[in-house]
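Chains, contacts and geometry: an overview
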Amino acid sequence: MAEKPHYIENEEKVRQFWKDSETFEKSVQKEAPDGDYSFYDGPPFATGTPHYGHIVASVMKDVVPRFWTMNGYRVERRWGWDCHGLPIENLVEKELGISNKQQIVEMGIDKFNELCRSKVLSYVPEWKQSVEKLGRWVDMENDYKTMDISFMESVWFVFKKLYDQGLIYEGYRSMYVCPRCETTLSQAEVSEGYKDIKDLSVVAKFELIDQPGTFLLAWTTTPWTLPGNVALAVNPKMEYVKVFIPGEGWSSDGSVSDQIKVNKQYYFILAKKRCEEFLTKIGKQFEIIEEIKGSDLIGKSFKPLFNYYSEDQTLENHENGWKIYSADFVSEEEGTGIVHIAPGYGEDDLNLGKDNKLPFVQHVGMDGVMKKEVTDFLGLHVKPIEDVTATDVAIIKYLAANGLLFFKEKYEHSYPHCWRCETPLINYATSSWFVSVIKLKEDNLLLDTAKTINWSPDYIKEGRFGNWLEGARDWSISRQRFWASVIPIWRCTECNEIRVFGSVKELEEASGQKVTDLHKHIVDTITFNCTCGKTMRRVPDVLDTWFDSGSMPYAQMHYDFENKEKFENNFPANFIAEGIDQTRTWFYYLHVLATGLFKKAAFQNVIVNGTVLAEDGKKMSKRLQNYPDPNLLMDKFGADALRAYLLAAPVMQAENMNFSEKGVQEALRKNIMILWNVYAFYEMYGGEEDPRNESKNILDQWILARLQQLISSVTEAMEKYNLPKAMRPITDFIDDLSTWYLRRSRDRVKEINDDKIAFLQTMKYVLLELSKVMAPFTPFVAEGLWQKVSGNNFSNEDQSVHLMLWPKMSDVKEIAIAEMIVVRKIVEMGLAERDIKKIKVRQPLQKIVVTSKTLLIENQDLIELIKDELNIKEVVFQAGDEDKVELDIVITSALEKEGLKREIVRTVNQIRKEQGLTIYDTIMVYWWTDEEKLEEVFAEYGADIKADTLAEEVTREQKNEAKEYTINNSIIYLLINKH
């Protein structure tokens, strides 16, 4: 079995340490001088294993509480499970092979609901494993479940309080329904499921009663609604025309016109503005016979396309049916300027029907199937999922066969589908219970409370969320389903009186029955007498599960039955976080209910993440296997690497990202591996010294200034809830720590002196403070580093970096940082110039001339850094308008020999490395050459070579085992033996 990488071993060790020492619990229980910081965790479904969307959310929800805990707050983190609704129902339906709602009723709602209950927590062990592996701290033992009676009772409390304020009412509206699930959907749910589909539109011919042979042309994109037609609508302010179209008449097969048969002319009416554009587009020649005002058409009667309902004289308001009515919503922008009206299917249609007392016809059930009276299409589904146009085609064929079809065409458009079962929705007039969002928008209450929320990214506030609030309509909260919180309303079967319950106690007192469960199959059996003496029964609908989610702040604490003071002292939440889709769902419903209940926002700060896509930009799919398994990925690269990768990505700022395993690997290298390498160097030389944050060495002063800059940057970004802006400086600092500070300081540890001690003290201080800064973001490496550098080494269970206070901010020594930026800029330019001149850095040069207005340095310690980094003897500064450097590339004999010395040292040290030797191993170096230059180098620099290679002896001796090496085109034989 392959040995685990040390960073994986560290994560396992840290996880065990946290568990054994109950570090998370201690972080919540420890003294919190700044009080409570409240955090609401949106509950997931446990009907599947966690995916990258859940991981992104979990990382956000872990980083922020850790940060505020280290800043002196108590942050309780209680896990919750979303237990109700269509996701669970659909899972059970699939297992049972159920395809429609009636089958559930037949098997028994009690059996169905209990099966749902049994499936809710199917994947809890997998969730716990993933959450723990990710390093997220959250209380999953004291979790809340939306199916618990305590949670559901608080939902009743919320409902009743809104009802008592006049914010809940029953209404009859045209809404989207899912014919498979046979339930209404809310505005937000509908917005989630739009798909591009190919559909059919038609222009049908409606013949005027008083003008036989004259037809009104009405356009519709829903041919299946035509059997439910009871009226036509025109705009009284628009101009219409009667036209003659040669060859257009009654035709059963679309080829021979009635005009040719009997020499009878037919006329057609449509909007004047649409006439030329529409008829020309479809290739029809026409002659305008008469111009007509829209107002002159109003009141005229026409022959119904279908007689299923028109012949029923008992139909309420029959006398008002099959006439032309006025409607401002009719436009000249599309279609024919004449709209077919079916009040059962469409908001405008329903309102027109109410205003004009039209007969109400609904020839389709909520299951989407044509009713028995529609004899020609009996049993057809209006939007069959296997072919959404099948019924429309049948309607069109009927129209064509009866001379009522003028035109048909295919078109592609975005159409709403059920967000869970993906069935095409239908617009359907039905009753529902609503939360009056419109009332909450009065006096700008809903919008004003939203202004108090801080969003990250900030454009969501006025953009996606603000726009949604502006256009928000009343919220349909009743569902015609089974496994959910129920609507707590009982209605009299006789006098229609209603009672709304806000607690279990109220229901028990009214019914005289003990209540231990509030689910539909239980409470629907509870009845009691009305004041009129008849029976009161619960209304059959259940609640939209988003009502559960929006009630979460109260229901998780069983408010207001328990924890009243605690809740009220911590409301609204300091922080929440979810994906961008939640702007129209959880964020929105939290806000609506909080505004209705308390006239304030439910949360103060919110981070919105984007969507994680597969590497090719497609949606992640288990079927396609187009993404790496999250658990296997963490086994390979570690949770810290995954966290660092996600935290630095734009997905943390509501943008989509294409997930890349290579990106995680790169995050591992830049954040974890480099840091452990830095620690390995420190461990080799240090450990016992006290950490100090002051030193006379210019490099120490610079790294300490950079540390303060890091603390300041990360703190500021975290206070603004900008996680990428907080994470990225950490990566940059680690790079500076390794590639500049440590690399430039390596020679300082070769001798025991004050400078070595200053370096080790500074390094210890920096590593300890850095581990604190990293703790919220990459908690495993932060803990491991802190334990090792502090000397605790996991020996004291009360000592953890996560129990430490956040590093204090102090003034950043900007001058130290600015001067080092200049140094590194000069070095960068000098190295580039060497590269152009093709002169290795190991070859010393005499001089570099720096010409600039700004890149001027007087500090000799900084100049020494430049000289050492560029291997230059002298740095000359001169004023000038353009930043440039010029190298003196004349290589004297002395410079050449010094360069050869460096090459020899590099070669010997490379051999040491290949032999697996460490700094604690000394060697014997045997060399031989007939190159005079190399002999001179050993003669002149022998002592330096000996010191720089940790050699006990450097001897000129020809050995048979020596290998041949080439140094600057000169041959040398070297043998290295461990001493």
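Sequence positions are assigned chain by chain, starting from 1 and proceeding in written order. Local features are withheld for residues below a pLDDT of 70 in this predicted model, meaning they are given only at 70 or higher, and side-chain atom pairs are given and counted only at 80 or more; totals for whole chains, interfaces and linings count all residues. Each side-chain value is derived from all of the structure's non-hydrogen atoms; neither hydrogens nor water enter the calculation.

1. A look at helix α25 (residues 639-647)
In an α-helix, one full turn covers 3.6 residues, which means residues spaced three or four apart are oriented alike. In terms of residue burial, α25 counts as a mostly covered element, since nine of its nine residues are buried. Throughout this description, buried means an accessible area under 20% of the type-specific maximum (1.4 Å probe, protein chains only), exposed means over 50%, and partly exposed covers the range between. Numbering of helices and strands runs from the N terminus, with a helix taken as a DSSP run of H or I at least four residues long and a strand as a DSSP run of E at least two residues long. Those residues of α25 lying buried are Ala639, Asp640, Ala641, Leu642, Arg643, Ala644, Tyr645, Leu646 and Leu647.

2. Here's the deal with the environment of Ile288
Inspection of the secondary structure assignment puts Ile288 in strand β10 (residues 287-293). Taking the C-alpha atoms as reference points, Ile288 and Phe268, 20 residues apart in sequence, are found 9.6 Å from one another. Should any heavy atoms of two residues lie within 4.5 Å, those residues are considered in contact. If sequence neighbours within four positions are ignored, Ile288 has contacts with Val241, Lys242 and Val243.

3. As for the side chain of Arg77
Its location among the elements puts Arg77 in the loop between α3 (52-70) and β1 (78-81). Lys and Arg are tallied as positive, Asp and Glu as negative. Neither His nor the chain termini are counted. Between Lys or Arg on one side and Asp or Glu on the other, a salt bridge is scored when a side-chain nitrogen of the former is within 4 Å of a carboxyl oxygen of the latter. At 4.6 Å, Asp62 is the nearest oppositely charged side chain to Arg77, a buried residue that forms no salt bridge. If near-sequence neighbours (up to four positions away) are discounted, Arg77 is found in contact with Phe24, Ser27, Val28, Phe39, Pro65, Arg66, Thr69, Trp137, Val138 and Asp139.

4. A short note on a negative patch on the surface
What makes a patch is a set of residues exposed beyond 30% relative accessible area and free of salt bridges, joined within 9 Å when like-charged and within 5 Å when nonpolar (Val, Leu, Ile, Met, Phe, Trp, Tyr). Reported accessibility uses the Shrake-Rupley method at a 1.4 Å probe radius. Residues are deemed covered only where the shown protein chains occlude them. Lysine's charge is taken at NZ, arginine's at CZ, aspartate's at CG and glutamate's at CD. A surface patch of negative charge is lined by Asp20, Glu22, Glu25 and Glu797. With respect to the secondary-structure elements, Glu797 resides in the loop between α30 (779-790) and α31 (814-837). Classification of Glu797 as partly exposed rests on a relative accessible area of 40%.

5. Considerations on α31
The length a helix should cover is 1.5 Å for every residue beyond the first. The terminal C-alpha atoms of α31, which comprises 24 residues, lie 35 Å apart, in line with the 34 Å expected from a rise of 1.5 Å per residue. On its buried face, α31 sits against α27 (698-719), α28 (723-745), β27 (845-852), α32 (860-870), β28 (872-879) and β29 (884-888). Within two residues after α31, Lys838 carries a phi angle of roughly 60°, on the positive side.

6. Some points on unusual backbone geometry
The omega angle of the peptide bond from Ser456 to Pro457 is 5°, so this bond is cis rather than trans. Its place among the elements puts Pro457 in the loop between β15 (454-456) and α17 (459-471). With an omega of 5°, the peptide bond between Phe571 and Pro572 qualifies as cis. Position of Pro572 among the secondary structure elements: in the loop between α22 (564-569) and β23 (576-579). A positive phi is found at Trp322, a non-glycine position, where the angle reads about 60°. Inspection of the secondary structure puts Trp322 in the loop between α12 (294-297) and β11 (323-326). The backbone phi angle of Asn871 is positive, close to 55°, even though this residue is not glycine. Within the element layout of this structure, Asn871 appears in the loop between α32 and β28. By relative accessible area, which is 6% here, Asn871 ends up buried.

7. Examining the sheet that holds strand β19 (residues 498-500)
Paired strands are those between which DSSP finds at least two bridges. With antiparallel pairing, the four strands of this open sheet are ordered in space as β19-β18-β21-β20. At either end of the open sheet lies a strand with only one pairing partner, and these are β19 and β20 (528-529). Inspection of the sheet shows β20 paired to strand β21 (residues 535-538) by two bridges, in the antiparallel sense. Each bridged residue has a counterpart across the sheet, and for Asn529 the counterpart in β21 is Thr535.

8. Quick word on the pattern of salt bridges
Tallying each qualifying case throughout the model produces 66 salt bridges. Notably, a salt bridge pairs Asp798 with Lys26, separated by 2.8 Å at the nearest N-O pair. Here Asp798 is found in the loop between α30 and α31, whereas its partner Lys26 is found in helix α2 (residues 23-29), with 772 residues between them in sequence. For Asp798, a relative accessible area of 48% corresponds to the partly exposed category. Note that Glu936 and Lys897 form a salt bridge whose closest N and O atoms lie 3.9 Å from each other. One end of the pair, Glu936, is in helix α34 (residues 932-948); the other, Lys897, is in helix α33 (residues 893-914), and 39 residues separate them in sequence. Here Glu936 falls in the partly exposed class, since its relative accessible area comes to 30%. Judged by relative accessible area, Lys897 falls into the buried class, the value being 16%.

9. Brief notes about the nonpolar core
Nonpolar cores are built from buried Ala, Val, Leu, Ile, Met, Phe, Trp, Tyr and Cys residues. Side-chain atoms within 4.5 Å join them into one set. With 122 residues, the main nonpolar core has Leu642, Phe659 and Leu737 as its most contacted residues. What Leu642 contacts, discounting residues up to four positions off in sequence, is Tyr52, Ile55, Leu134, Leu633, Met634, Phe659 and Val664.

10. Here we look at the sheet that holds strand β16 (residues 475-476)
Spatially, β4-β3-β14-β16 is the arrangement adopted by the four strands of the open sheet, whose pairing is antiparallel. The open sheet terminates on both sides in strands that have one partner only, identified here as β4 (183-184) and β16. With two bridges joining them, strand β3 (residues 168-178) and β4 adopt antiparallel strand pairing. When the bridges of β4 are listed, Val177 appears paired with Thr184.

11. A few points about the packing of aromatic side chains
When two rings of Phe, Tyr or Trp (its six-membered ring) have centres within 6.5 Å they constitute a pair, described as stacked for plane angles under 30 degrees, edge-to-face for angles over 60, and tilted for the intermediate range. Inspection of the entire model under this criterion finds 67 aromatic pairs. Considering the side-chain rings of Phe206 and Phe302, the 5.4 Å spacing of their centres and the 85° angle between planes classify their relative orientation as edge-to-face. Taken together, the residues span a long stretch of sequence, with Phe206 in strand β5 (residues 194-207) and Phe302 in the loop between α12 and β11 at a distance of 96 residues. A centroid spacing of 5.9 Å and a plane angle of 25° characterise the contact between Phe215 and Phe268, whose relative ring orientation is stacked. Here Phe268 lies in strand β9 (residues 267-271) and Phe215 lies in strand β6 (residues 214-220), a separation of 53 residues in the sequence.

12. Focus on the confidence of the model for the protein
Values of pLDDT, ranging from 0 to 100, describe the predictor's confidence in every residue of the model. Residues of the protein with pLDDT of at least 70 account for 98%, and the chain-wide mean is 92. The low-confidence segment residues 251-263, where pLDDT is below 50, has 21 contacts with residues more than four positions distant or belonging to other chains.

13. Some remarks on the packing of helix α24 (residues 630-637) against helix α26 (residues 661-685)
Convention adopted: a line fitted to C-alpha atoms gives each axis, helices being fitted over their contacting stretch, and angles between N-to-C directions are expressed from 0 to 180 degrees. For the pair α24 and α26, interaxial distance at closest approach is 11 Å and the crossing angle is 30°. Taken as axis vectors, α24 and α26 run roughly parallel relative to one another. With respect to the hand of their crossing, α24 and α26 are arranged in right-handed fashion. The residues of α26 that touch α24, namely those facing Leu633, Lys636 and Phe637, are Glu661, Val664, Gln665 and Leu668. Partitioning the contact of α24 with α26 into residue classes produces four nonpolar, one polar and two charged. Here the angle decides the label: under 35 degrees means roughly parallel, over 145 means roughly antiparallel, 65 to 115 means roughly perpendicular, and every other value means oblique. Whether a crossing is left-handed or right-handed is set by the direction in which the near helix is turned from the far one by less than a right angle, anticlockwise for left-handed and clockwise for right-handed. As a working rule, the residues Ala, Val, Leu, Ile, Met, Phe, Trp, Tyr, Cys and Pro are called nonpolar, Asp, Glu, Lys and Arg charged, and the rest polar, with Gly in that last group.

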